[in-house]
Amino acid sequence: MKRLWTPAWIFRHVAMVVLVVGFCALGWWQISRAAAGNTLSWAYAVEWPIFAAFVVFVWWRELRHTLRGEPTPDEPAGGTAPSDQPVAVPATATLPAASGTGPTATAGASAPRTPVVRRPVRVARATVPAGDGEDADLTEYNRYLTWLNANPGARPGDYPG
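A short tour of the structure in this document, coming up. This structure is a prediction, so every number in the text was calculated from the model and none was measured.

Applying the stated criterion across every chain yields a total of eight aromatic pairs. Taken together, a centroid distance of 6.4 Å and an interplanar angle of 35° make the contact between phenylalanine 54 and phenylalanine 57 tilted. On the criterion of helical spacing, the pair formed by phenylalanine 54 and phenylalanine 57 is a turn pair, its members being three residues apart in helix α2 (residues 41-68). Relative accessible area serves as the criterion here: at 47%, phenylalanine 57 is assigned to the partly exposed category. Seen from their ring centres, tyrosine 141 and tyrosine 144 are 6.4 Å apart, and the 40° between their planes marks the pair as tilted. Taken as a pair, tyrosine 141 and tyrosine 144 lie in helix α3 (residues 136-150) at a separation of three residues, close to a single helical turn. Linked through ring pairs, Tyr141, Tyr144, Trp147 and Tyr159 together constitute an aromatic cluster. Positioned above the aromatic ring of tryptophan 9 is the side chain of arginine 12, whose terminal nitrogen or guanidinium carbon lies 4.8 Å from the ring centre.

So, on to the nonpolar core. Core analysis: the biggest nonpolar cluster contains six residues, these being Met16, Val20, Phe23, Trp48, Ala52 and Val55. Every element with two or more residues in this core is listed here: α1 (7-35) and α2. Dropping the residues within four chain positions of it, valine 55 is found in contact with Met16, Leu19, Val20 and Phe23.

Cut-offs applied
Residues numbered from 1 in each chain as written. Predicted model: local features only at pLDDT ≥ 70, side-chain atom pairs only at ≥ 80, totals over all residues. Heavy atoms only, no water. Phe/Tyr/Trp six-rings, centres within 6.5 Å; stacked < 30°, edge-to-face > 60°. Helix = DSSP H or I, 4+ residues; strand = E, 2+ residues; numbered from the N terminus. Buried < 20%, exposed > 50% of the residue type's maximum accessible area, 1.4 Å probe, protein only. Lys NZ or Arg CZ within 6 Å of the ring centre and 35° of its normal. Core = buried A, V, L, I, M, F, W, Y, C linked by side-chain atoms within 4.5 Å. Contact = heavy atoms within 4.5 Å.

Right under this line is the structure:
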């Protein structure tokens, strides 16, 4: 519960209360205008409480997300579920290299399994003009497909062209 009393969360609590009270007041104001004969105000009289309910929904969802998340460093980790704990990689396991180049990393028995951060693949780009009436876009697309086939560990966003 200490996570909900940080300065950021106190601001969220106050903002939620101010917005809900303000939206409900605006809804009541629209009801009084609608009762005076302004027919458009009936729609607004319904709309403002919906806005207030949405603010409460978002606040509640963020609250539940924070309570289910990882504990802060000053909190004990005893209350977390086993699925929230890092997965240990056996000492014999090896992690794949980032893009097929370089040595593979051997993880220790107590090292948590983390995603491998990959660097973009840098390849010298050779410009080949379109030949014999071929479409330049088709030639570039075929070059792209050839590069993807030659670099199986690369993502399409790594393409240097």
